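Here are the chains, one letter per residue:
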Amino acid sequence: MPVVFRKVLIADERYEAAGVFDVDNDGIPDIVSGAFWYKGPDFKQKIPVGPVRAEGEYFDDFSTIPLDVNGDGRMDFITGGWWGNTLRWRENPGEISKEWPEHVIAEVGNIETTRAWDVDGDGALEIAPNCPGKPLTIFKLIKDKNGKGTGCFSAHKIYDGPQTHGLGFGDVSGNGRGDFVLANGWLEAPKNPFEEEWIFHQDFDFGGASVPILVVDVNGDGLNDLIVGQGHGYGLHWYEQRTDSRGRRSWIQHPIDLDNSQYHDMQWVDIDGDGECELVTGKRYRAHCDHDPGAFDPVGSYYFKWNGENFVKQVIDYGPPRVGKGLGIHFAVADLNGNGRMDIVAPGKDGLYVFFNEG
């Protein structure tokens, strides 16, 4: 049976990124989105984080990545956007009445959005901004002798690029190391990812691809495949990886959903509790402020379940604006109420909502 969701409006705000973490160290998850955080478990208390730069109908805030940057035991977060040209972190002050100071990590150019992956396999997340037109540079938190964050990052340029719209990470080659996937090819990781050269394979061109591009074994054949949405157009596909007797790699395109546009963010997560992951994604409402194909189509959020042969679409929410709800540029999936089921935190220009998973 499809999962039932209960839709709850948290705030009528237009920020497109949200994260879930314990802001006040009370053991209860909170929601952070844009200039505010919302105290769990009911998320009714709206508490300022600090001002966020506005640019027309946007805010310069395209990710909310939890990380204790300065090692003080309080969770901070990483953000950045298209206009400020900087990757930044906001410092959790530990007091509700205080503004979260903002610190620049580096000037990187226009940031489409940012994700965090364990690039070097040491168990800690590194920060990877998708910056079209710029090199791919990874930022690693510098830690002290006790393993705590110092508030500083080291920068590692792994590909001169330039990057295009779209970024993913996972083991494409099957050698146990994490590779990067760009819209126009993939980067094969060396043994020492921050010291040796990454090898670029120009195997495909995905156009204005999603962030992330998912690297997962869809059909269970032992080879990781790719799931790609079109961030500013129609289309959602998976690309089956095949290798021949000589080890030559090819990619077979399969449709998932061709009838909806602006699939910008997506997650591979067990949403129905059966031990198998599903694809959770949805429309980024007004991604380019009505200038994308399908901009005036209904808005929707979905999960897609693999049945062994293809993906079956299950609708979480759908309808015209203010009826249906999209998922923004950086949504979050977490168990918000401790019932063992994964809920969905959905930001966007169409408001901040939670889809509570009712099983």
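One structure accompanies this document, and this report is about it. (Residues numbered from 1 in each chain as written. Predicted model: local features only at pLDDT ≥ 70, side-chain atom pairs only at ≥ 80, totals over all residues. Heavy atoms only, no water.)

### So, the sheet that holds strand 23 (residues 249–261)
Where strands meet in a sheet, backbone hydrogen bonds hold them as pairs that are either parallel or antiparallel.
Here's step 1: Pairing in this open sheet of four strands is antiparallel, and the strands run 20-21-22-23 from one edge to the other. Looking at the sheet topology across the chains shown, the edges are occupied by strand 20 (214–216) and strand 23. Averaged over all pairs of adjacent strands, the angle between strand axes in this sheet comes to 20°, irrespective of strand direction.
Here's step 2: As defined by bridge partners, strand 21 (residues 225–229) adjoins strand 22 (residues 234–243) across four bridges and the pair is classed as antiparallel. Within the sheet, the bridge partner assigned to Ile227 lies in strand 22 and is Trp238. (Pairing = 2+ DSSP bridges. Helix = DSSP H or I, 4+ residues; strand = E, 2+ residues; numbered from the N terminus. Axes fitted to C-alpha atoms, helices over the stretch in contact; angles between N-to-C directions.)

### Re the packing of aromatic side chains
Here's step 1: According to the stated counting rule, one finds 20 aromatic pairs in the structure shown.
Here's step 2: Here Phe204 and Trp251 contribute two aromatic rings whose centre-to-centre distance is 5.7 Å and whose plane-to-plane angle is 85°, an arrangement assigned as edge-to-face. You can see Phe204 sitting in the loop between strand 19 (199–201) and strand 20 and its partner Trp251 sitting in strand 23, a full 47 residues away along the chain. Side by side, Phe204 and Trp251 carry an identical accessibility label, which is buried.
Here's step 3: On the basis of an interplanar angle of 75° and a centroid distance of 6.4 Å, the ring pair of Trp268 and Phe311 is categorised as edge-to-face. In this pair, Trp268 sits in strand 24 (residues 263–269) while Phe311 sits in strand 27 (residues 311–319), placing the two residues 43 residues apart along the sequence.
Here's step 4: Accessibility expressed as a relative area gives 10% for Phe311, which makes it buried.
Here's step 5: In textbook terms, an aromatic cluster arises when at least three aromatic residues are bridged by ring pairs, as seen for Trp117, Phe169, Phe180 and Trp198.
Here's step 6: When the ring centre of Phe62 is taken as origin, the NZ or CZ atom of Arg284, which lies over that ring, is 5.5 Å away.
Here's step 7: Positioned above the aromatic ring of Tyr302, the side-chain terminus of Lys313 is 4.0 Å from the ring centre. (Phe/Tyr/Trp six-rings, centres within 6.5 Å; stacked < 30°, edge-to-face > 60°. Buried < 20%, exposed > 50% of the residue type's maximum accessible area, 1.4 Å probe, protein only. Lys NZ or Arg CZ within 6 Å of the ring centre and 35° of its normal.)

### What to know about the side chain of Ser261
Here's step 1: Here Ser261 shows up in strand 23.
Here's step 2: Looking at Ser261, the relative accessible area reads 2%, which means it is buried.
Here's step 3: One polar contact links Ser261 to Gln262, side chain to side chain, over a distance of 3.1 Å.
Here's step 4: For Ser261, the residues in contact, after removing those within four places along its chain, are Gly233, Tyr234, Lys283, Pro293, Gly294 and Ala295. (Polar contact = N/O pair within 3.5 Å; in protein donor to acceptor, adjacent residues only side chain to side chain. Contact = heavy atoms within 4.5 Å.)

### Regarding the nonpolar core
Here's step 1: Formed by 19 residues in total, the largest nonpolar core has its most connected members in Ile31, Tyr38, Leu336 and Val345.
Here's step 2: Those elements giving two or more residues to this core turn out to be strand 1 (5–11), strand 4 (36–39), strand 28 (332–334) and strand 30 (352–357).
Here's step 3: For this core, the leading source of residues is strand 30, giving three residues.
Here's step 4: Sequence-distant contacts of Val345, that is, excluding residues within four places in its chain, are made with Ala18, Val20, Ile31, Phe331, Ala332, Leu336, Leu352, Tyr353 and Val354.
Here's step 5: Listed in part, the 16 residues of the second largest apolar core include Ile65, Cys131, Phe139 and Leu141. (Core = buried A, V, L, I, M, F, W, Y, C linked by side-chain atoms within 4.5 Å.)

### Structural notes on the pattern of salt bridges
Here's step 1: Counting across every chain of the model gives 29 salt bridges.
Here's step 2: Note that Glu358 and Arg6 form a salt bridge whose closest N and O atoms lie 3.8 Å from each other. Note that Glu358 is positioned in the segment after strand 30 and Arg6 in strand 1, a separation of 352 residues in sequence.
Here's step 3: Measuring nitrogen to oxygen at the nearest pair gives 3.2 Å for the salt bridge that ties Arg88 to Asp60. (Salt bridge = Lys/Arg side-chain N within 4 Å of Asp/Glu carboxyl O.)

### Description of unusual backbone geometry
Here's step 1: The linkage connecting Gly40 with the following residue, Pro41, adopts the cis geometry, with an omega of 10°.
Here's step 2: Looking at where Pro41 falls in the secondary structure, it is placed in the loop between strand 4 and strand 5 (45–48).
Here's step 3: Look at the link from Val211 to Pro212: it is a cis peptide, with omega at 10°.
Here's step 4: One non-glycine residue, Phe43, lies in positive phi territory at about 60°.

Taken by themselves, the reported measurements are silent on function.
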